[in-house]
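# Survey of secondary and tertiary structure
Chain by chain, the residues run as shown.
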Amino acid sequence: MSASSIQHILFTGIAVVLMFASSGCDDSDSGAPAPAGQVWTCSMHPQVRLPKSGKCPICSMPLILTKAAAPTPKKEGQASEAPEAMLTLSEHARAMASVETIPVQRRQITHEIRAVGKVQYNESALAVINSRVEGYIEKLYVDFTGVQVKKGDHLVEIYSPDLVLAQKELLVGLEGPANNALIEASKLKLLRWGLTQEQVDDLVQKRKVSERVTLFSPINGTVTERMAVQQAMVKSGEMLYKLANLESLWVYLDIYESELGWVQQGQDVTIQAEAYPSDSFTGRIWFINPVLTEESRTVKVLVNIANTDQKLKPGMFVSAIIRVPVLATGKAAPAGLGGQFTCLMHPQVLQAQAGPCPRCGMALTVIPGGKTKPSEAELSVLAVPIAAVLDSGTRKLVYVEHVQGEFMPMELTIGPRAGDFYPVLAGLQEGEKVAVRGNFLLDSQFQIQGLPSLFYAKGQAPAAGHQHGGATESKPTAAPAAATGHEGHAAPKPAEHKH
């Protein structure tokens, strides 16, 4: 027998005990006609609804008498009469079922989105160092990948006839008649071919041509690829190194389309990596891919992360949590960062005005979206604990304690789960008490008595029996039921034919 079947039997058995404890009825099996209005059911098959006692036509268990719910009289100041679908539990029955209730309240709740992703290079911080002239590499200063270089560090020493000729042109212009236009054009040519301003100034001061010229790194970064080889010839435009600044990284998260409505640009993201289980990294959503990946039904979301200590490495798999405050309407609260300015290299920088980044000098970029942040009232959400909600897949139900010891089912509309709560969109009011423990047993009791329950919105009506000739009774009828393992023995197999 499966675990779900055992659980169903236990719940139903306890519900039967509760029924006896609250109503005091017995399970007579006399088969005698019952007074009009009585309904007999099976504790194992509550869909069986018969007008008289007897045995269950499915499992042959003795039928039990249900107790119809009586309307609760209207109390003074009460807006309307209580629904007829009401169950009254005595103190003893309530203690046996361990029923616990709490009032529905307004509170601030947060919806969490959990996702996985992969660390990538910050594409805005990638750089390629090319040879701008044809020549020969005489010496390599950076001779393997992974080396960290800073702006101004020497990379290679190159011999280039074109560079030698360009230096001589500048010296000729300096030694001849004053021609500022020619001199400035010669200086600009050397700068465009990869020399620094300091190298050009040194040439002008010393008036000496350098046959071998050192090329320097124009940016900070880590060498991710090296194509330069010592004593090799290079042509103009040929790549020597590829650099990446690892102080800022991108993480591409896979967000399922069902969660996409909760994701906004500018939201904070908490990142964790397996390499550092005790550390958390924070970033900000920078871009949401406009195209859905059909194979995985996910959308790539880019998170910009500062990595000044360089713990995170490109290629790492990480997990992420996006915590989104929920509005009273059940929707995601806006991030409220729209219109502010941040840095691509340092996403933790936020400024109200455009300008350079205070850390790296890059021009700040505006964050799209609205500027308005939600108020305290907008974040006060009527919320019900998840333990109180029974979900059939098509209906959501809670059991409300109308007055002390009296329970009624209430169908409600809820929003997506937010932690240990659901936002209530319709069906409940603030202060109403809902069952957070014992609600499964309450639903079983409602189902046994034929009252509206989770799977039977309108309850279950008794099946009508019929008689022939007055004294002869027909076999009791029952509502159709799925096989549950109590059907009895199957029909015997036909005898095998032997030759």
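Keep in mind the model is a prediction, meaning the values are calculated, not measured. (Residues numbered from 1 in each chain as written. Predicted model: local features only at pLDDT ≥ 70, side-chain atom pairs only at ≥ 80, totals over all residues. Heavy atoms only, no water.)

Moving on, we come to the overall build of the chain. The helix and strand tally for the chain stands at six helices and 31 strands. Counting only residues that meet the buried cut, the chain has 39% of its 499 residues in that class. Considering only contacts within the chain whose residues lie at least 6 apart along the sequence, 69% involve residues at least 24 apart. For the chain, the computed accessible surface area is about 27,300 Å², with 53% contributed by carbon and sulfur atoms. (Helix = DSSP H or I, 4+ residues; strand = E, 2+ residues; numbered from the N terminus. Buried < 20%, exposed > 50% of the residue type's maximum accessible area, 1.4 Å probe, protein only. Contact = heavy atoms within 4.5 Å. Areas by Shrake-Rupley, 256 points an atom, 1.4 Å probe, with all protein chains shown as cover.)

Here the focus is helix α6 (residues 439-448). The buried fraction of α6 amounts to nine of the 10 residues, a majority that puts the element mostly inside the structure. If you check which residues of α6 are buried, you get N439, L441, L442, D443, S444, Q445, F446, Q447 and I448. Directly beyond the C-terminal end of α6, a positive phi value near 75° is found at G450.

Attention now moves to the packing of helix α4 (residues 180-192) against helix α5 (residues 197-206). In the contact formed by α4 and α5, the axes pass within 9 Å of each other and the chain directions differ by 140°. Classified by the interaxial angle, the pair formed by α4 and α5 is oblique. In the packing of α4 onto α5, the handedness of the crossing is right-handed. For the pair α4 and α5, contact is made by K187, L190 and L191 and by Q197, V200, L203 and V204, respectively. A per-class count over the contact of α4 with α5 returns five nonpolar, one polar and one charged. (Axes fitted to C-alpha atoms, helices over the stretch in contact; angles between N-to-C directions. Parallel < 35°, antiparallel > 145°, perpendicular 65-115°, else oblique. Left-handed = near helix turned anticlockwise from the far one by under 90°. Nonpolar A, V, L, I, M, F, W, Y, C, P; charged D, E, K, R; others polar.)

A few words on unusual backbone geometry. Residues other than glycine predominantly adopt negative phi, and peptide bonds predominantly adopt the trans conformation. Although it is not a glycine, S60 adopts a positive phi angle of roughly 65°. Within the element layout of this structure, S60 appears in the loop between β1 (40-41) and β2 (64-65). S60 sits in the partly exposed class, given a relative accessible area of 49%. The phi angle at R297 is positive, at roughly 55°, despite the residue not being glycine. Among the structural elements, R297 can be located in the loop between β17 (276-293) and β18 (298-306). In this structure R297 comes out as partly exposed when scored by relative accessible area, which is 36%.

So, on to the pairing of strand β7 (residues 126-130). Residues of β7 alternate between two faces, with A127 and I129 buried on one and L126, V128 and N130 left unburied on the opposite face. With five bridges connecting them, β7 and strand β14 (residues 239-244) associate as antiparallel partners. Across the sheet, V128 pairs through a bridge with K242, a residue of β14. (Pairing = 2+ DSSP bridges.)

Reading across the sheet, the three strands line up as β21-β20-β22 and stay open at both edges, with antiparallel pairing between neighbours. In the strand order of this sheet, the two ends are held by β21 (350-351) and β22 (365-366), each with one partner. Both strand β20 (residues 341-342) and β22 contribute to a ladder of two bridges, which runs antiparallel. Paired with F341 across the two strands is V366, which belongs to β22.

This next bit is on the pattern of salt bridges. Pairs can form between side chains of opposite charge once their charged atoms are near each other. Under the defined criterion, the tally for this structure stands at 14 salt bridges. A salt bridge links K242 to E225, with the shortest nitrogen-to-oxygen separation between them at 3.3 Å. Separated by 17 residues along the polypeptide, K242 in strand β14 and E225 in strand β12 (residues 221-226) bring together distant segments of the chain. The shortest N-O distance in the salt bridge between E411 and R395 comes to 3.3 Å. One end of the pair, E411, is in strand β26 (residues 406-411); the other, R395, is in the loop between β24 (390-391) and β25 (396-403), and 16 residues separate them in sequence. Since its relative accessible area comes to 14%, R395 is described here as buried. Salt bridges sharing partners connect three or more residues here, namely E112, R114 and R323. (Salt bridge = Lys/Arg side-chain N within 4 Å of Asp/Glu carboxyl O.)

Next up on the list: the state of the cysteines. Applying the stated criterion across every chain yields a total of zero disulfides. With no disulfide of its own, C343 lies 3.6 Å from the sulfur of C357, the closest cysteine sulfur. (Disulfide = S-S within 2.5 Å.)

This paragraph deals with the pairing of strand β16 (residues 268-273). Working note: regular strand, side chains alternate between the two faces of the sheet. Of the two faces of β16, the one lined by V269, I271 and A273 is fully buried and the one lined by D268, T270 and Q272 carries no buried residue. Note: β16 against β17, five bridges, orientation antiparallel. Considered in β17, the bridge of D268 is made with R284. Hairpin connection from β16 to β17: two residues lie between these consecutive antiparallel strands. By the bridge criterion, four bridges tie β16 to strand β19 (residues 317-325) in an arrangement that is antiparallel. Bridged to I271 within β19 is A320.

Turning our eyes to something else, we now look at the packing of aromatic side chains. If you walk through the whole model with that rule in mind, you get two aromatic pairs. Measuring from ring centre to ring centre gives 6.3 Å for Y276 and F281, while their planes differ by 70°; the resulting arrangement is edge-to-face. Taking 5.1 Å as the distance between ring centres and 45° as the angle between the ring planes, the aromatic pair formed by Y399 and F446 counts as tilted. In this pair, Y399 sits in strand β25 while F446 sits in helix α6, placing the two residues 47 residues apart along the sequence. Note on accessibility: Y399 and F446 belong to one class, buried. (Phe/Tyr/Trp six-rings, centres within 6.5 Å; stacked < 30°, edge-to-face > 60°.)

The quantities given are spatial measurements derived from coordinates; they are silent on function.
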